[in-house]
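Working through the structure, step by step
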Amino acid sequence: MPENNSTGKFSRRKFVKGFGATVAGAVVLNPSIPKITKSLQKKIKISEKIKLNFNLNGKNVSTDIYPYNTLLEVLRKNMRLTGTKKTCNNGECGGCTVIINKQAIYSCHILAMDIEGKDVLTIEGIGDMHAGEVIRKAFKDMDGLQCGFCTPGQVMSAYALLLNNKKPSLDEIKTAMSGNLCRCGAYHNISASVIEASNKL
Amino acid sequence: MKFKSYVYPLSLSAASAFLANKNELNFLNAGGTDLLGLLKEDIIKADNILNLKYLKDLKYINQEPSGELNIGALTSISEIINNVFIKKNYNVLHQAASQIASPQLRNIGTVGGNLCQRPRCNYFRGDFNCLRKGGDTCFAFDGFNKYHCIMNGGPCFIVNPSDLAPALISLGAFVSVFSNGREKEIPLQDFYILPSANYLKETILEKGDIVTKIRIPAQPRDLKSNYIKIKERETWDFALVSLAASLVLDGKKITKGSLVFGGVAPAPYFSVKGNKDLIGLDLKNNKAIESFAEAFVKDANPLSMNGYKAIMMKNIIIKLFSEII
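On a predicted model such as this, the values are computed, not experimentally measured, just so you know.

From N to C terminus, chain A includes seven helices and six strands. When the helices and strands of chain A are placed in sequence order, the string is α-β-β-β-α-β-β-β-α-α-α-α-α. Within the span of chain A, comprising 201 residues, buried residues form 45% of the whole. The contacts of chain A with a sequence gap of at least 6 include a subset with a gap of at least 24, amounting to 51%. Surface accessibility of chain A: about 10,800 Å² in total, with carbon and sulfur atoms responsible for 55%.

Residue and element names in this part refer to chain B. Its location among the elements puts L240 in the loop between β9 (223-230) and β10 (241-250). The sequence separation of L240 and Y308 amounts to 68 residues, and the corresponding C-alpha distance is 9.6 Å. Apart from the residues within four sequence positions on either side, L240 is in contact with Y147, I230, K231, E232, G262, G263, Y308, K309 and M312.

Residue and element names in this part refer to chain A. Interhelical geometry of helix α4 (residues 130-141) versus helix α5 (residues 151-164) gives an angle of 125° and a closest axis separation of 10 Å. In terms of orientation, α4 lies oblique with respect to α5. Our pair here, α4 against α5, has a crossing hand that is right-handed. Here α4 contributes A131, G132, I135 and F139 to the contact with α5, which in turn contributes T151, Q154, V155, A158, Y159 and L162. By residue class, the composition of the contact of α4 with α5 is seven nonpolar, three polar and no charged.

Ranked by size, the top nonpolar core spans 46 residues in total, and within it L71, I100, I115 and V120 of chain A carry the most contacts. Counting residues per element, the ones that place at least two in this core are β2 (50-56), β3 (59-65), α2 (71-78) and β4 (97-100) of chain A together with α2 (33-40) and α8 (122-125) of chain B. Once you skip the residues sitting within four places of it in the chain, L71 of chain A turns out to touch V98, I100, S107, I110, L111, A112, I115 and V120 of chain A. Grouped together as the second largest cluster of nonpolar side chains are 44 residues, C96 of chain A together with A73, A96 and L205 of chain B included.

Using the criterion set out here, one finds 21 salt bridges over all chains in the structure. The shortest N-O distance in the salt bridge between R136 of chain A and E133 of chain A comes to 2.7 Å. With R136 of chain A and E133 of chain A both in helix α4, this residue pair falls three residues apart, about one helical turn. When the shortest N-O distance is used, the salt bridge between E294 of chain B and K314 of chain B registers 3.3 Å. Here K314 of chain B lies in helix α13 (residues 308-324) and E294 of chain B lies in helix α12 (residues 286-296), a separation of 20 residues in the sequence. Since its relative accessible area comes to 17%, K314 of chain B is described here as buried.

Residues and elements named next belong to chain B. Summarising the element assignment, K231 is placed in the loop between β9 and β10. Buried charge K231 goes without a salt bridge, the closest partner of opposite sign being D163 at 7.7 Å. A polar atom in the side chain of K231 sits 3.0 Å from the side chain of Q99. Apart from the residues within four sequence positions on either side, K231 is in contact with Q99, D237, F238 and L240.

Residues and elements named next belong to chain B. Applying the stated criterion across every chain, the model contains one cavity of 30 Å³ or more. Taken together, 14 residues make up the lining of the largest cavity; nearest its centre are C121, Y123, C130, C138 and C156. Elements represented by at least two residues in the lining of the largest cavity include exactly α8 and α9 (139-142). Tallied by class, residues from the lining of the largest cavity come to 11 nonpolar, two polar and one charged.

With that settled, consider the confidence of the model for chain B. When the pLDDT values of chain B are averaged, the result is 95; 100% of them are 70 or greater. Both scores are given for the predicted complex: the pTM is 0.91, the ipTM 0.93.

How each quantity is defined
- Residues numbered from 1 in each chain as written.
- Chains lettered and ligands numbered in written order.
- Predicted model: local features only at pLDDT ≥ 70, side-chain atom pairs only at ≥ 80, totals over all residues.
- Heavy atoms only, no water.
- Helix = DSSP H or I, 4+ residues; strand = E, 2+ residues; numbered from the N terminus.
- Buried < 20%, exposed > 50% of the residue type's maximum accessible area, 1.4 Å probe, protein only.
- Contact = heavy atoms within 4.5 Å.
- Areas by Shrake-Rupley, 256 points an atom, 1.4 Å probe, with all protein chains shown as cover.
- Axes fitted to C-alpha atoms, helices over the stretch in contact; angles between N-to-C directions.
- Parallel < 35°, antiparallel > 145°, perpendicular 65-115°, else oblique.
- Left-handed = near helix turned anticlockwise from the far one by under 90°.
- Nonpolar A, V, L, I, M, F, W, Y, C, P; charged D, E, K, R; others polar.
- Core = buried A, V, L, I, M, F, W, Y, C linked by side-chain atoms within 4.5 Å.
- Salt bridge = Lys/Arg side-chain N within 4 Å of Asp/Glu carboxyl O.
- Lys, Arg positive; Asp, Glu negative; His and termini not counted.
- Polar contact = N/O pair within 3.5 Å; in protein donor to acceptor, adjacent residues only side chain to side chain.
- 1 Å grid on protein atoms, 1.4 Å probe; cavity = no way out; pocket = protein on both sides within 12 Å on 5 of 7 lines; lining within 4 Å.
- Points joined across faces, edges and corners; volume = space filled by probe spheres on them.
- pLDDT = per-residue confidence, 0-100.

Have a look at this one:
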């Protein structure tokens, strides 16, 4: 069946799309959703949706979340930024690394409520930046990956390191990258990629 | 994750009052690195989570004119590592902080949280109704006990997982606890309790108590200190055995000092007699060092799979002495 048929019937895809938009619209327009205003709002029930405001990749955004949502869930589900990976979901592997206020952190291990008003940078946000471009090219040139699943997290950790230390030593690189696991074992080339990137920056 | 509501206390006393509610199980979210793990694995059941992250006046590192150092409980581990004064004067604290978990966790994990973290016992963290979770059996005693304690164990055999605690105790640090509207200060070594006293908790903290500050008294100018942590992986692991040492040397002779172990007992382990024997020890005399280390591990009482920790304890003392000269 062609997607935009003229018989007036809804296609399944159109229906799902439309339904999603209706639900999202209802949530956004609901005026009863409270803002996190610390002086007014002291206790937030877990069944209540909260409007969360933060800076995502340079843009101020706001989205509705539940208090139990992690930042990772908000990035992937609410903001549809799936470059940040959900891997162990337990603060152990580094696949979900993002940068908050210039520091690398595990987005699966922080409640989204706690990033109200903060600057969040994800793998999608550094793509257009010079440093992001250089690091990406270094990972490609030095073969700093095999399957590539851990790579967004590795790149974010490398970015956080180079943000604070322009010419890191190999030991400093190993320390800074130690929170990111690579099950393919591409560690040697990952270190080489970070050195290459630091030389090019 | 299961909890009923998320609370923003506006002050320390409000947080304490909320925490003290007898009918509810409330928990503090400082860095959240341990809390979120416990919640995700359903190890604790929480009614309310109290967010402390906005209490700005608990986040500081202050160097007093008297030489004392005060550290706020909400100071992150990274801030300890990056503090130049600590790096220069308190090597043991710098080294201990540098080896905690991974950079991402050090960036949000706090000093207070590191001191109060729950044990890493595989049965406590796993799906077992063990002694510490209100059950009636310690599964480690007859089970997989490779990572459990060899000192002061029973009826529960956890080890204290903190890296900062041994380092701070070796420096003679004090911890301040906000309790019932007042702040009280106690030596950090008295902050931890053994399972023989109470196997349901690891610290003296009661409902409503909040750790607010660490105070390190002024240290001798020529203090030599170090922290060695043996782990199974080279990085991002808890200690099998760790040793914090703060020593004052006269030539090669120790005139003052304190050794504190991590990873061997349910609380940071030190021996009053061992620290007394330390005085006068000649670091050039290998035989004396060997017998000193031997005496330190005499009290070890290993389980079926962790006898290696006693050997490690002995060797780590020898290693530390050879490196500190």
